[in-house]
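What follows is each chain in one-letter form.
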Amino acid sequence: MSKWTAVEIHAKQKHFFVCRVIQPEDVSEPITEVEIEAVYSGFKKVILWRELQDISLWKQGWN
């Protein structure tokens, strides 16, 4: 349930939280995706978890 702020705002979607870690079908494979949910609208989308480490796209916390 980590909190994130999108650097670029699209359709008033700025603040998100990780709502689910997506487990791969083969449990021996590493986790690569998470589902994030917009606080404002509840919109959900799946992204690569490594995208959250890109400071040009995301800031940790709600800024």
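Provided above is the structure to which this section pertains.
Parameters at a glance
Residues numbered from 1 in each chain as written. Predicted model: local features only at pLDDT ≥ 70, side-chain atom pairs only at ≥ 80, totals over all residues. Heavy atoms only, no water. Helix = DSSP H or I, 4+ residues; strand = E, 2+ residues; numbered from the N terminus. Buried < 20%, exposed > 50% of the residue type's maximum accessible area, 1.4 Å probe, protein only. Contact = heavy atoms within 4.5 Å. Areas by Shrake-Rupley, 256 points an atom, 1.4 Å probe, with all protein chains shown as cover. Lys, Arg positive; Asp, Glu negative; His and termini not counted. Charge placed at Lys NZ, Arg CZ, Asp CG, Glu CD. 1 Å grid on protein atoms, 1.4 Å probe; cavity = no way out; pocket = protein on both sides within 12 Å on 5 of 7 lines; lining within 4 Å. Points joined across faces, edges and corners; volume = space filled by probe spheres on them. Nonpolar A, V, L, I, M, F, W, Y, C, P; charged D, E, K, R; others polar. Pairing = 2+ DSSP bridges.

### What about the overall build of the protein?
Piece 1. Helix and strand counts for the protein stand at 0 helices and 5 strands.
Piece 2. For the protein, the sequential pattern of α-helices and β-strands runs β-β-β-β-β.
Piece 3. Referenced to the eigenvectors of the C-alpha coordinate spread, the extents of the protein come out at roughly 35 × 25 × 15 Å.
Piece 4. Residues classed as buried in the protein amount to 25% of the 63 residues present.
Piece 5. Across the protein, every contact between residues at least 6 apart in sequence was considered, and the portion connecting residues at least 24 apart equals 34%.
Piece 6. For the protein, the exposed area adds up to about 4,700 Å²; of that, 55% sits on carbon and sulfur atoms.
Piece 7. Within the protein, one finds 8 positive and 9 negative side-chain charges whose respective centroids are separated by 13 Å.

### Quick word on the side chain of Glu37
Piece 1. The residue Glu37 is located in strand S3 (residues 33-38) in this model.
Piece 2. The contacts of Glu37, once residues within four sequence positions are left out, are His15, Phe16, Phe17, Cys19, Gly42, Phe43 and Lys44.

### Topic: the layout of surface pockets
Piece 1. Here the largest pocket defines a volume of roughly 200 Å³.
Piece 2. Every residue along the wall of the largest pocket is listed here: Ala6, Val7, Glu8, His10, Gln13, Phe16, Phe43, Lys45, Glu51, Ser56, Leu57 and Trp58.
Piece 3. Those elements giving two or more residues to the lining of the largest pocket turn out to be strand S1 (3-10) and strand S2 (13-22).
Piece 4. The biggest single contributor to the lining of the largest pocket is S1, with 4 residues.
Piece 5. Of the residues belonging to the lining of the largest pocket, the class tally is 6 nonpolar, 3 polar and 3 charged.

### Description of the pairing of strand S4 (residues 44-48)
If a strand is regular, its side chains alternate between the two faces of the sheet.
Piece 1. Bridging between S3 and S4 involves 5 bridges; their strand directions are antiparallel. Note on S4: the bridge partner recorded for Glu35 is Val46.
Piece 2. Joining the antiparallel neighbours S3 and S4 is a turn of 5 residues, in which Gly42 adopts a positive phi near 85°.

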